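Each chain is listed here by its residues.
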Amino acid sequence: MAPQYAPSLRSRLAPLLLFLQIGFIVVCSFFVEISNSTFSELTFYKIYAGTFLARYGFSALGFNLLVAVIAIQWAIILRGLEAWYHSGKIVIDMRSLVDAEICAASAIISIGAVLGKTNPVQLVIITLLEVPGFLFNDWLLLTLLSEPPHGSFRFLHIFGAFFGLMMSSIMSREGSEQGFEKEKFDRTPGLFSMLGSVFLWMFWPSFNSSLVNPMDPEKRLMAMCNTYLALAVSAVTAFAVSVLSSSKGKLNLVHLQSSILAGGVAVGVSPPSFQPWEAMTVGFIAAVVSTVGFRYLKVHMLVAFQCHDTCAVLSTHGLPGLLGWLAHLLLQIRALDDHTMAIRFAVFDISLLFITLSVSLTMGTITGLLLKWNLWRPPQDKKCFDDQAYWEFPHLAVPK
């Protein structure tokens, strides 16, 4: 007999989504126009894995898609407010679409930390708060430190990971240290999740190259080549470290689906600034850090900080992102002959990281406190990580 759940999401999710979508349509009808820009580039927005969960595959995939499409529309509008202020129109071109996809990626990274423990209404609220936070960080870096526009995009993974981790820690549940009954890995969902990671692995170079100035084709080529090399090295290393870290000397599919991407995350901080062997070295270290972190750090984070990290975003995005930032800092300092300039550059880059972490952790705290209210009707512990709370399963329906 199927378990009993709340009757439906009709009174909560549907009105919220319809209100938002109609609002986006109204704004676009009055203020949005498409530019005839000739700029084009290949990119994608990524849907976070998480489909490895045995009883949460529908939700992991469906809710990630929902968050992505809301975040893209929301980011286009917010990103275009400056143009609207000066000209009365929000302009959409290829650059604005890429920027919106990057904002969506940040939101998707963050929800990986709370996936399974939140309902779709909470995920929509997270998206509505994180996208402005991410753009505010970009504006702050531009205003305070004169970082070039889109400069915060290289901190994409760091911002998203620590936003989600702080939010997860604030929203922690009593007894979560013992884990959730239905948070389990299954063979079939794990296989499809791995296939998703392979697609991300193939298209990651185009994602990293989208962060580079499109008017500089040489740097974009370097970004793509370095990303491919770092991804290849991180994949090989992830296989090796997964075996070495297993007490039975076997591979772990969950480790691999995240750690094979660690090289792309780390190099993505500044892909054109690396030489090929440097990118490969960074990919190697990133895979080691990611795999070991996935094996051991997830448990310690739960015990020490009551931070239940569902998709291990710290190991997949946070630590490789910090590693890439550190590698970029050291390489830039090494390239400077003037010690005074080197010190100034180091202070400048550390300030960028400090501001990004501050905004990320502050916004994560605010979002976590807001979503902790019972107003949002979060799922009970026994209903966490279960698709049946939100999706129809006709073959499990109880005849009336």
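Presented here is an overview of the structure given in this document. Every chain begins its residue count from 1, and numbering advances along the sequence as written. It should be noted that, the model being predicted, local features are given only for residues of pLDDT at least 70 and side-chain atom pairs only at 80 or more, the latter also being counted only at that level, while totals for whole chains, interfaces and linings use all residues. To get the side-chain values, all heavy atoms of the structure are used, and hydrogens and water are removed first.

**Some points on the packing of helix α8 (residues 217-244) against helix α11 (residues 276-305)**
Part 1 of the argument: One can describe the packing of α8 onto α11 by two numbers: an axis separation of 7 Å at closest approach and a directional angle of 35°. Classified by chirality, the crossing of α11 by α8 is right-handed. Between α8, through N226, L229, A230, V233, S234, T237, A238, V241 and S242, and α11, the contact on the second element is made entirely by P276, A279, M280, G283, F284, A287, V288, T291, V292 and R295.
Part 2 of the argument: Per-class residue counts for the contact of α8 with α11 are 12 nonpolar, six polar and one charged. Note on definitions: angles span 0 to 180 degrees between N-to-C directions of axes, and those axes are lines fitted to C-alpha atoms, for helices only across the stretch in contact. Only DSSP runs of H or I covering at least 4 residues are called helices, and only runs of E covering at least 2 are called strands; the numbering of each starts at the N terminus. Helix crossings get a hand from a simple test, with the near helix turned counterclockwise from the far one by less than a right angle marking a left-handed crossing and a clockwise turn marking a right-handed one. By the convention used here, residues are in contact when the closest approach between their heavy atoms is within 4.5 Å. Note on residue categories: nonpolar means Ala, Val, Leu, Ile, Met, Phe, Trp, Tyr, Cys or Pro, charged means Asp, Glu, Lys or Arg, and polar means any other residue, Gly included.

**Overview of the nonpolar core**
Part 1 of the argument: Counting 88 residues, the largest nonpolar core has L123 and I126 as its most contacted members.
Part 2 of the argument: Every residue in contact with I126, bar those within four places of it in the chain, is listed here: I111, V114, F163, M167, T367 and L371.
Part 3 of the argument: Among buried residues, the Ala, Val, Leu, Ile, Met, Phe, Trp, Tyr and Cys ones that are joined through side-chain atoms within 4.5 Å form a nonpolar core. Residue exposure (1.4 Å probe, protein chains only): buried if accessible area is under 20% of the type maximum, exposed if over 50%, otherwise partly exposed. Counting residues in hydrophobic clusters, the runner-up holds 11 residues, among them A230, A279, L323 and L331.

**Comments concerning the pattern of salt bridges**
Part 1 of the argument: The salt bridge definition used is simple: a Lys or Arg side-chain nitrogen within 4 Å of an Asp or Glu carboxyl oxygen. A full pass over the atoms with the stated rule returns five salt bridges.
Part 2 of the argument: A salt bridge links R95 to D99; its shortest N-O distance comes to 3.1 Å. Of this pair, R95 and D99 are both found in helix α4 (residues 94-111), four residues apart, which corresponds to roughly one turn of the helix.
Part 3 of the argument: Overall, the relative accessible area of 17% leaves R95 in the buried class.
Part 4 of the argument: Taking the shortest distance from any N to any O, the salt bridge between R154 and D349 comes out at 2.7 Å. With R154 in the loop between α5 (120-145) and α6 (156-170) and D349 in helix α13 (residues 339-371), this pair connects stretches of sequence that are 195 residues apart. Across this residue pair, the class does not change: R154 and D349 are buried.

**A few points about the side chain of S106**
Part 1 of the argument: Note that S106 resides in helix α4.
Part 2 of the argument: Here S106 falls in the buried class, since its relative accessible area comes to 0%.
Part 3 of the argument: Once residues lying within four places of it in the same chain are set aside, the contact partners of S106 are E130, F134, L156, F159 and G160.

**As for the packing of aromatic side chains**
Part 1 of the argument: Working definition: rings of Phe, Tyr and Trp (its six-membered ring) pair if their centres are within 6.5 Å, and the pair is stacked with planes under 30 degrees apart, edge-to-face with planes over 60 apart, and tilted otherwise. On inspection of all chains with the given rule, the structure shows 11 aromatic pairs.
Part 2 of the argument: Ring geometry for F30 and F31: centres 6.2 Å apart, planes at 45°, overall tilted.
Part 3 of the argument: Residues F63 and Y390 carry aromatic rings whose centres are separated by 5.6 Å and whose planes lie at 75° to one another, so their mutual orientation is edge-to-face. Of this pair, F63 sits in helix α2 (residues 57-79) while Y390 is found in the segment after α13, placing the two residues 327 residues apart along the sequence.
Part 4 of the argument: When its relative accessible area of 6% is taken as the criterion, F63 is described as buried.
Part 5 of the argument: A network of ring pairs unites the aromatic residues F58, F63, Y390 and W391 as a single cluster.

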